[in-house]
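Survey of secondary and tertiary structure
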Amino acid sequence: MKLEAIKLRFYTPVHLGRGLEEMDKSGTIYHSDSLKSAIFSVGLAYYPHWAENDAETFFSGFQISSCFPYAGEEYFLPKPLLNIRFEFQGISEDRQAKTGKKISFLSVPVFSRFVNSAEGGVLRIDKKQLSRDGEFICENPVTASRTFYRTELQQRVSVPREGDEGQPRPFYLDRIYFEEGCGMYFLADFKENSTLREEVLQALKLLGDQGIGTDRTVGNGLFSFDPSIDVSSIELDLQPLHGRKLALGLFLPAREEFENIDLDKSSWMLLKRGGYMGGTSEERFLSIRKNSIYFWGEGSVFASDTPLKGKKVDLKPEWGEPMHPVWRDGQCLFLEI
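As the structure is a prediction and not an experimental result, all values here were calculated from the model.

1. Quick notes on the overall build of the protein chain
Looking only at helices and strands, the protein chain has 8 helices and 20 strands in total. Relative to the compact-globule value of 20 Å for 337 residues, the protein chain shows a C-alpha radius of gyration of 20 Å, a close match. Dimensions of the protein chain, computed from C-alpha atoms along their principal axes, come out at roughly 60 × 45 × 40 Å. In the protein chain, which comprises 337 residues, the proportion classed as buried is 51%.

Structural data, given as structure tokens:
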């Protein structure tokens, strides 16, 4: 399967929320629904036709994965929720299970071997392929020996808004600094729609100047993006051994899709999505919370005899005046495995 890998080269630190109130630990995934909404919000001023027909042309016109880390020439994907275990050569038997449990990301070649393994099988990994933090399995031991990113806790103070009661509250914000040659990327399938592809890539350049994640207004989450050097083709060597669909982003099924999923033969995780309307162009809406909803998360595996697409949803809250839609997209990129 051939897809496009699109790199984001961060030149400022970034904090990625994990769906929790805590700020002292950043996530390492920027979810597909946030990325697609951010691109839509930034590009809408230049491409107003994106909003036609309830924005169906934009949101259904292409599929993307969430943003995952890359290091040098190695791209990483989330560990799928399959019944396949690792056997780590050079690690004692009593530490095997604990080491495997810590794994979050697999290099693309390792990922392909993992999903091409039989259900209940074993994938052998040399301990030299493990990253220093134990969360990544690399294809090249040289990649595993380097540091991909470092984190830093920044002490901050939350001050109540004018007219609100309460005292200033100190808190800590965890920020990720990517090392040279490392950053985040996402996979995209534009379905041979070259016009929409060029528009999205141009909007992505603008998004880099505005940033992603938390505290963009104080310089966090800014990245460089040049389509001539940051877009490349990537091929996944996958065999449909499991008869499953693997989600590489956040998935929200339509009712008829949900009815066709065999949940007894599927494995998944749920993520609650909500938060403030940070992408709105109307300043008076910035402090308003969107409605919350649950999505199925990255790495979830579904048994279904029909193709899975997902749907977008409007999380616009009830308000006393007209408000623009607040779209969140659950049409993520799927792999047949």
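Moving on, there is more to tell.
2. Comments concerning the sheet that holds strand β17 (residues 301–302)
Reading across from one edge, β17-β14-β20 is the order of the 3 strands in this open sheet, with antiparallel pairing throughout. Two strands close off the open sheet at either side, each with one partner strand: β17 and β20 (334–336). Strand direction decides the pairing type here: strand β14 (residues 245–247) and β17, joined by 2 bridges, are antiparallel. Bridge pairing links Leu246 to Val301 in β17.

3. What about a nonpolar patch on the surface?
Judged by side-chain polarity, Phe258, Leu263, Trp268, Leu270 and Tyr294 come together as a nonpolar surface patch covering roughly 490 Å² of accessible area. Within the secondary structure, Trp268 is located in the loop between α8 (255–259) and β15 (270–273). Exposure remark for Trp268: the relative accessible area of 35% places this residue in the partly exposed category.

4. Topic: helix α4 (residues 108–115)
Counting buried positions over the 8 residues of α4 gives 6, a clear majority of the element. Those residues of α4 that fall on the buried side of the exposure criterion are Val108, Val110, Phe111, Ser112, Phe114 and Val115.

5. Here's the deal with a positive patch on the surface
There is a patch of like positive charges on the surface, built from Arg95, Lys98, Lys102, Lys127 and Lys128. On the secondary structure map, Lys98 appears in helix α3 (residues 96–102).

6. Some details on the pairing of strand β11 (residues 182–189)
Every other side chain in a regular strand lies on the same face of the sheet, so the side chains alternate between the two faces. The buried count for β11 comes to 7 of 8 residues, which makes it a mostly enclosed element. The pairing of strand β1 (residues 2–10) with β11 spans 5 bridges and is antiparallel. Paired with Ala5 across the two strands is Leu187, which belongs to β11. Across 2 bridges, strand β2 (residues 63–64) lies against β11 in antiparallel orientation. Within the sheet, the bridge partner assigned to Gln63 lies in β11 and is Asp189. In the sheet, strand β3 (residues 68–71) pairs with β11 via 4 bridges, with the strands oriented antiparallel. Note that in β11 the partner of Pro69 across the bridge is Met184.

7. Some points on the pattern of salt bridges
Within this structure, the stated rule accounts for 11 salt bridges. Arg328 is the salt-bridge partner of Asp33, the closest N and O atoms lying 3.1 Å from each other. Taken together, the residues Asp33 in helix α1 (residues 32–43) and Arg328 in strand β19 (residues 327–329) connect sequence positions 295 residues apart. Summarising the burial analysis for this pair, Asp33 and Arg328 share the class buried. Through salt bridges with shared partners, a single network forms among Glu4, Arg197 and Glu198.

Cut-offs and rules
- Residues numbered from 1 in each chain as written.
- Predicted model: local features only at pLDDT ≥ 70, side-chain atom pairs only at ≥ 80, totals over all residues.
- Heavy atoms only, no water.
- Helix = DSSP H or I, 4+ residues; strand = E, 2+ residues; numbered from the N terminus.
- Rg over C-alpha atoms; globule rule 2.2 N^0.38 Å.
- Buried < 20%, exposed > 50% of the residue type's maximum accessible area, 1.4 Å probe, protein only.
- Pairing = 2+ DSSP bridges.
- Patch = residues over 30% accessible without salt bridge, like charges linked within 9 Å, V, L, I, M, F, W, Y side chains within 5 Å.
- Areas by Shrake-Rupley, 256 points an atom, 1.4 Å probe, with all protein chains shown as cover.
- Salt bridge = Lys/Arg side-chain N within 4 Å of Asp/Glu carboxyl O.
- Lys, Arg positive; Asp, Glu negative; His and termini not counted.
- Charge placed at Lys NZ, Arg CZ, Asp CG, Glu CD.

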